[in-house]
Amino acid sequence: MEIKTIAVTYTRKFNLGDYESLELTCSLWGQIDPIEEDAQGTTQFLFQQAKDFVKEAAIPVIKASSHQMNKAKAYKHSATNQFDDLDNF
């Protein structure tokens, strides 16, 4: 079977707090030459592109959301403490 068209969709839902959420979706399509191009590599490339586009679109909304910013700060603090504990190992 020859694959000539590849479609990738990436969706991410963000909790903004106060019963609000934001769902962003990016769908990308690409046509390939099955003889010259690798379908798996093209799929991975399209997936990463879709993920980057969603992230770029979400950043302004996340920065405006105090709920998401508090989550990011808590995650960063948690990750820092894990590495501190490794020094005591």
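Refer to the structure printed above.
Residues numbered from 1 in each chain as written. Predicted model: local features only at pLDDT ≥ 70, side-chain atom pairs only at ≥ 80, totals over all residues. Heavy atoms only, no water.

### So, the overall build of the chain
Note the threshold: Numbering of helices and strands starts at the N terminus; helices are DSSP runs of H or I of at least 4 residues and strands are runs of E of at least 2. Each residue is placed in one exposure class: buried if its accessible area under a 1.4 Å probe, protein chains only, is under 20% of its type's maximum, exposed if it is over 50%, and partly exposed if it falls in between. The criterion used for residue contact is that any of the two residues' heavy atoms lie within 4.5 Å.
Secondary structure assignment for the chain yields two helices and two strands. Taken from N to C terminus, the helices and strands of the chain fall in the order β-β-α-α. For the chain, with 89 residues in total, the buried portion stands at 22%. Of the contacts made within the chain by residues no fewer than 6 positions apart, 53% connect residues no fewer than 24 positions apart.

### Observations regarding the environment of Thr5
The residue Thr5 is located in strand 1 (residues 5–17) in this model. Residue classification places Thr5 among the partly exposed positions, given a relative accessible area of 39%. Sequence separation of Thr5 and Ala39 is 34 residues, and the distance between their C-alpha atoms is 8.9 Å. Apart from the residues within four sequence positions on either side, Thr5 is in contact with Trp29, Gly30 and Gln31.

### Let's talk about the packing of aromatic side chains
Quick reminder of the rule: Working definition: rings of Phe, Tyr and Trp (its six-membered ring) pair if their centres are within 6.5 Å, and the pair is stacked with planes under 30 degrees apart, edge-to-face with planes over 60 apart, and tilted otherwise.
Across all of its chains, the model carries one aromatic pair by this definition. Arranged with centres 5.5 Å apart and planes meeting at 85°, the rings of Tyr10 and Phe47 form a pair that is edge-to-face. Here Tyr10, found in strand 1, pairs with Phe47, found in helix 1 (residues 39–64); they are 37 residues apart in sequence, far enough to count as distant.

### Some points on the side chain of Thr42
You can see Thr42 is positioned in helix 1. Contact partners of Thr42, with chain neighbours within four places excluded, come to Ile6 and Ile32.

### What about the pairing of strand 2 (residues 20–31)?
Heads up, the condition is: Two strands qualify as a pair provided DSSP detects at least 2 bridges between them.
Across 12 bridges, strand 1 lies against strand 2 in antiparallel orientation. Counterpart to Tyr10 in the pairing with strand 2 is Cys26. The turn joining strand 1 and strand 2, which pair antiparallel and follow one another in sequence, is formed by two residues; a positive phi near 50° is taken by Asp18.

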